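Single-letter residue listing:
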Amino acid sequence: EGSVDGDFSVGGLAGRLTSHGIISNSYSEAEVSGNLRTGGLVGSIEAFEDQPRPQIVNSYAEGNVNGESQVGGLSGDNRGGQINTSHSTGVVSGTNAVGGLIGIVDGGSVTDTEASGEISGDKDVGGLIGHNKQGDITNSFAEGDVSGSRFTGGLIGRHSNGKIQNSSADG
C-alpha cells in the first residue's frame, strides 16, 4: 500500500521481472506513477532468449496508475512473459500504449485475465491491452470506460500480430 514514483520500470510490487522470475499469489494496492514502463504490480516483464519465461500467476493490482508510455494496470509491458489468472482495477492514464491490464505486449501470453476501471490516453489505448504487437490473448475480459485519440479499443487499442481467443470487452 502507499505510493511508488519513479522514471523507468516502475511497479507497485516490482520494477522489473525477468527470466526465471515468478510472481504468484501476490498483490499491490499502491498508487503508481512513472514515465516509461509503469504498472500497478510490475513495471516491466522481459524474457531472455533460451531461458524460462517470467510468470505472473494468480496476482492483482488495485491502485491507480499514471505514466507516459507503456502504462498498464498490472504491468507496463510484457516482452515474452506469461500472465495467468490475474487482474487489475483502478484508473490507468498515460499518453502512449496504455492498457487496463498491460500497456504493450510484445511476445508471450495473457490468459484468464480481467481489467476494470477507467482507461485514458492518446495513442494505442485499450481496456485490456494498449498495443498487442505480438502476443496470444485467451479467455480475457475488459470492463470500463476507455478514451483515447488514435487506435482506441474496448479490449485492445491496436492489434498488430498474435491471437485473440474467447475474449471480450464491456464498457
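See the structure printed just above.
These figures come from a predicted structure and were not determined experimentally.

Enquirer: Please explain the overall build of the protein chain as it appears in this structure.
Expert: Within the protein chain, the regular secondary structure consists of zero helices and 28 strands. The principal-axis extent of the C-alpha atoms belonging to the protein chain is close to 35 × 35 × 25 Å. Here the protein chain, with 171 residues, has 49% of them falling under the buried criterion. Counting only contacts in the protein chain whose residues sit at least 6 apart along the sequence, the fraction spanning at least 24 positions is 78%. Per element, the accessible surface of the protein chain, about 7100 Å² overall, is 39% carbon and sulfur. Computed over 9 positive and 21 negative side-chain charges, the inter-centroid distance for the protein chain is 12 Å.

Enquirer: Got a minute to help me understand the sheet that holds strand 1 (residues 3-5) in this structure?
Expert: In a beta sheet, neighbouring strands pair by backbone hydrogen bonds and run either parallel or antiparallel. With parallel pairing, six strands are arranged side by side in an open sheet as 1-6-11-16-20-24. On the outer flanks of this sheet lie strand 1 and strand 24 (146-147), each paired with one strand and no other. Note: strand 20 (residues 119-120) against strand 24, two bridges, orientation parallel. Of the residues in strand 24, the one forming a bridge with isoleucine 119 is valine 146.

Enquirer: I keep staring at the sheet that holds strand 17 (residues 96-99) and nothing clicks. Help me out?
Expert: The sheet built from six strands is open, its strands ordered 2-7-12-17-21-25 with parallel pairing. Looking along the sheet, the strands with just one partner apiece sit at the ends: strand 2 (8-11) and strand 25 (150-153). Averaged over all neighbouring strand pairs, the angle between strand axes comes to 5°, with direction disregarded. The pairing of strand 17 with strand 21 (residues 123-126) spans three bridges and is parallel. Pairing of glycine 99 across the sheet is with glycine 126, part of strand 21.

Enquirer: What is the right way to look at the packing of aromatic side chains in this model?
Expert: Tallied over the entire structure, the rule returns one aromatic pair. Arranged with centres 5.1 Å apart and planes meeting at 10°, the rings of tyrosine 27 and tyrosine 60 form a pair that is stacked. With tyrosine 27 in strand 5 (residues 27-28) and tyrosine 60 in strand 10 (residues 60-61), this residue pair connects regions lying 33 residues apart in the sequence. You can call tyrosine 27 partly exposed: its relative accessible area is 45%.

Criteria and cut-off values
The residue numbering used here restarts from 1 in each chain and proceeds along that chain's sequence as written. Local features in this predicted model are restricted to residues whose pLDDT is 70 or higher, and side-chain atom pairs enter the listing and the counts only when it is 80 or higher, whereas totals over whole chains, interfaces and linings include all residues. Only hydrogens and water are set aside when side-chain values are computed; all heavy atoms of the structure are taken into account. Strands are runs of DSSP state E lasting at least two residues, helices are runs of H or I lasting at least four, and both sets are numbered from the N terminus onward. Only protein chains enter the area calculation, which uses a 1.4 Å probe; residues under 20% of their type maximum are buried, those over 50% are exposed, and those in between are partly exposed. Contact criterion: two residues are considered in contact whenever any of their non-hydrogen atoms come within 4.5 Å of each other. The method behind every accessible area is Shrake-Rupley, applied with a 1.4 Å probe, and residues are considered shielded solely by the protein chains displayed. Counting rule applied: Lys, Arg positive; Asp, Glu negative; His and chain ends not counted. Where a charge lies is defined by one atom per residue type, namely NZ (Lys), CZ (Arg), CG (Asp) and CD (Glu). Any two strands are treated as partners once DSSP identifies two or more bridges connecting them. Working convention: axes come from line fits to C-alpha atoms, limited for helices to the stretch in contact. Angles between N-to-C directions cover 0 to 180 degrees. Aromatic pairing here means that ring centres of Phe, Tyr or Trp (its six-membered ring) are within 6.5 Å. Orientation follows from the plane angle: under 30 degrees is stacked, over 60 is edge-to-face, and everything else is tilted.

That is the geometry; function is a separate question.
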